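Each chain, letter by letter, is given below.
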Amino acid sequence: MKEKTKTAGGQDMNNYEAEVTGAEALLKCLIEEGVDTIFGYPGGAIMPVYDKLLDYSDRLRHILTRHEQGAAHAAQAYAMVTGRPGVCFATSGPGATNLVTGIANAFLDSVPVVFITAQVTSGLIGTDAFQETDILGISTPVTKWNAQVKKAADIPDTIARAFYIARSGRPGPVLVDISKDAQFENLSYSYRKCTYIRSYNPVIPLHIRDIESAAVMINHADKPLILAGHGVILSGAADELKALAEKGGIPVAATLLGLPAFPQRHRLFAGMLGMHGNYAPNVLTNQADLIIAIGMRFDDRVTGNLKKYAPEARIIHIEIDKAEINKNVRVDLEINNDAREVLTALLPLLREKSREKWIREFRILDRVEYEKVIRPETEPGEGEIRMGEVVNTVSDITEGDAVIVTDVGQHQMAVARYYRFSEKSILVTSGGMGTMGFGLPASLGAASGNPGKPVIAFIGDGGFQMTLQELGTIMQYQIPVKIILLNNSFLGMVRQWQEMFFNGRYASTEMVNPDFVALAGAYGIQARSVTRREELSQAVGTMLAAEGPFLVEVAIGREANILPMVEPGASVSEVTLTYR
């Protein structure tokens, strides 16, 4: 029997007359937090939770991945497409440690995931018991918060805190480790969502005077440039960013994870920043007199040589995490607030300007890049199929309206450069961590969180083979992901660096690959191989029209390079357009 009562703060609190076990309490907590999908892998220490999970199968869908790392990446992708925290289960010992790469990936990309691990019984903790590891100590550097629960009565409050911390402020992964005896132990269950922790203050009052100062700086700038990061998407500020850019006539460049924050067909879109970004925003960063950085952290892939970065510009940094401000780049004005709140307050203070002369400078450099790099890479021609050609074909057919997932490597940069993201697009990729093997499990997580919208995964042959066991998960649940496997029989990005900086000495980068079409067939997944460009459009169309999962393997140029490139140690304005 269940009755609703109110707490002193006016919130609903759900009371249950009957006692429940800690394992059942955990599942009830997840339901209270709106969870409907869990990715995980069972084991001895977490078995009580899985036993109770059978009783909640009508409310909680569990997707059994083939490896805990796959579950972590799937949960992250689920969070990225839904905007809600992903949830991942694993057992103790190796189950927990197999999550660490996925936890770190979510941490560096600021994605809210609640990881639940099991632990040996509380009396054995610290004795090096079978499958005991100190997952709190291991995960501390790559979680926003973690905690260990040894008593069933502590489960509801701990889970409530975990969700609050994961989703508030700058989002990120949290981990709760629950001993096996706490899962068996009974408690009188009640749940109250967490909305306040005394030592944690993620909601920062708006710095109005700083916003007014920012408006003055922008209004008086001749060559302002907006740098849009993942934080624009996380804060839901895409509309405000567009309005700000249009009112001020300000070009917008984006980081890798910030690409869907601004429509790429818009006249003010300047391109992608960074090592393999577009020519214009890289060169003109060092000519801008004002940089407005929004929800980004000035990582090395964006800045190049810091000593030569933006020498002419004053810098405004709008960032919710104070630790990121002045960490890599010294700024002139810091606004430590949520991006959407800041842009909403800033917009009415801006003067309307066109800045056509400044925008024209981007268009001139765009034409240079188009002739030297983009046209040869994307337009059909002679010889081997090119990565850009494949991505461009998919972009045309989908009209930019899809969930795009990538693995890591050359193909990731090709997707970032040549898929034309629209306002309806979602990009799921590994940014800060650069995790090979991310793509396949992330694609099934994305599809699980966004049914009805096409989910297309671009994956290289190297990364694919790191987590290909997740084809089994796709098969079991008939998850309708569309996989484009770009096969050059090399670890392509490593090979490119070996060619450019190690005198072409290809050390351990050439791969002897299996028959990928036959491999997909073994998992009951439709597949076909493309070796001639005349087959490409038809194969992509067939893939997108298919009911269930589908894999298209495309044989691409074995020694193609991704350009432009800001070489290590170079300034962003010293970008290389051609090589050889």
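Residues numbered from 1 in each chain as written. Predicted model: local features only at pLDDT ≥ 70, side-chain atom pairs only at ≥ 80, totals over all residues. Heavy atoms only, no water.

Engineer: Looking at this model, I keep getting lost on the overall build of the protein chain. Mind explaining?
Structural biologist: Each helix and strand in the protein chain was counted, giving 23 helices and 21 strands. Its C-alpha atoms give the protein chain a radius of gyration of 25 Å, within 12% of the compact-globule value 25 Å for 580 residues. Across its three principal directions, the C-alpha atoms of the protein chain cover 70 × 65 × 40 Å. The proportion of buried residues among the 580 residues of the protein chain is 58%. When contacts within the protein chain are restricted to residue pairs at least 6 apart in sequence, long-range pairs at least 24 apart make up 74% of them. Total accessible area on the protein chain is roughly 23,000 Å²; 50% of this is exposed by carbon and sulfur atoms. The positive charge centre, built from 56 side chains, and the negative charge centre, built from 66, are 5 Å apart in the protein chain. (Helix = DSSP H or I, 4+ residues; strand = E, 2+ residues; numbered from the N terminus. Rg over C-alpha atoms; globule rule 2.2 N^0.38 Å. Buried < 20%, exposed > 50% of the residue type's maximum accessible area, 1.4 Å probe, protein only. Contact = heavy atoms within 4.5 Å. Areas by Shrake-Rupley, 256 points an atom, 1.4 Å probe, with all protein chains shown as cover. Lys, Arg positive; Asp, Glu negative; His and termini not counted. Charge placed at Lys NZ, Arg CZ, Asp CG, Glu CD.)

Engineer: Can you help me understand the domain arrangement of the protein chain in this one?
Structural biologist: A common way to express how large an interface is: the accessible area buried when the components associate. The assigned domain composition of the protein chain is domain 1 (4-189), domain 2 (208-361) and domain 3 (385-559). Measuring from the centre of the C-alpha atoms in domain 1 to the corresponding centre in domain 2 gives 37 Å. Listed per partner, the contact involves eight residues of domain 1 and seven residues of domain 2. Summed over both partners, the interface of domain 1 with domain 2 buries about 610 Å², with 61% contributed by carbon and sulfur atoms. (Domains from an automatic or database assignment. Buried area = accessible area lost by both parts, 1.4 Å probe.)

Engineer: Is there a simple way to think about the packing of aromatic side chains in this case?
Structural biologist: Enumeration over the complete set of coordinates arrives at nine aromatic pairs. Taken together, a centroid distance of 5.8 Å and an interplanar angle of 85° make the contact between tyrosine 164 and tyrosine 200 edge-to-face. With tyrosine 164 in helix α7 (residues 155-167) and tyrosine 200 in the loop between β9 (186-191) and α9 (208-219), the pair connects residues that are 36 residues apart, well separated along the chain. Since its relative accessible area comes to 13%, tyrosine 164 is described here as buried. Note on tyrosine 200: relative accessible area 18%, which makes it buried. Note on tryptophan 358 and phenylalanine 362: the rings are 5.0 Å apart at their centroids and 80° apart in plane angle, and the pair reads as edge-to-face. Here tryptophan 358 and its partner phenylalanine 362 are both found in helix α15 (residues 356-378), four residues apart, which amounts to about one turn of the helix. Its guanidinium or amino end placed over the ring of phenylalanine 490, arginine 495 lies 5.9 Å from that ring's centre, counting from NZ or CZ. (Phe/Tyr/Trp six-rings, centres within 6.5 Å; stacked < 30°, edge-to-face > 60°. Lys NZ or Arg CZ within 6 Å of the ring centre and 35° of its normal.)

Engineer: What should I look at first to understand the pairing of strand β3 (residues 37-40) in this one?
Structural biologist: Residues in a regular strand point their side chains to alternate faces of the sheet. Here β3 shows a buried face lined by Thr37 and Phe39 and a second buried face lined by Ile38 and Gly40. Sheet topology note: the β3/strand β4 (residues 61-64) ladder contains four bridges and is parallel. The partner of phenylalanine 39 across the bridge, within β4, is isoleucine 63. Between β3 and its parallel partner β4, the chain crosses via helix α2 (residues 47-53), and the hand of that crossover is right-handed. Two elements, β3 and strand β5 (residues 86-90), share two bridges in a ladder whose sense is parallel. Paired with glycine 40 across the bridge in β5 is phenylalanine 89. (Pairing = 2+ DSSP bridges. Right-handed = clockwise from strand over helix to strand, strands pointing away.)

Engineer: It is not clear to me how the pattern of salt bridges should be interpreted in this structure. Could you clarify?
Structural biologist: Side-chain pairs of opposite charge can arise whenever the charged atoms involved come near each other. Taken as a whole and judged by the stated rule, the model has 26 salt bridges. The shortest N-O distance in the salt bridge between glutamate 423 and lysine 242 comes to 3.3 Å. Of this pair, glutamate 423 sits in the loop between α17 (410-418) and β17 (426-428) while lysine 242 is found in helix α11 (residues 238-248), placing the two residues 181 residues apart along the sequence. We classify glutamate 423 as exposed; its relative accessible area is 54%. For lysine 322, the salt bridge is made with glutamate 334, and the minimal N-O distance between the two is 2.8 Å. Note that lysine 322 is positioned in the loop between β14 (314-318) and β15 (333-335) and glutamate 334 in strand β15, a separation of twelve residues in sequence. Taken together, the salt bridges that share partners define one network made up of Arg170, Asp321, Glu324 and Lys327. (Salt bridge = Lys/Arg side-chain N within 4 Å of Asp/Glu carboxyl O.)

Engineer: What is the right way to read the side chain of threonine 65 from this model?
Structural biologist: Checked against the element boundaries, threonine 65 lands in the loop between β4 and α3 (68-82). Judged by its relative accessible area of 1%, threonine 65 falls in the buried class. Of the polar contacts made by the side chain of threonine 65, one reaches the backbone oxygen of histidine 67; its length is 3.0 Å. With residues up to four places along the chain from it excluded, the contact list for threonine 65 reads Gly40, Tyr41, Gly70, Ala71, Glu470 and Thr473. (Polar contact = N/O pair within 3.5 Å; in protein donor to acceptor, adjacent residues only side chain to side chain.)

Engineer: So what exactly am I meant to see when it comes to the environment of glutamine 264 here?
Structural biologist: By the secondary structure assignment, glutamine 264 is in the loop between β11 (252-254) and β12 (269-272). Measuring from C-alpha to C-alpha, the distance between glutamine 264 and histidine 317 comes to 23 Å, with 53 residues separating the pair along the chain. Contacts of glutamine 264, omitting those with residues within four sequence positions, involve Leu259, Phe269, Tyr419, Arg420 and Phe421.

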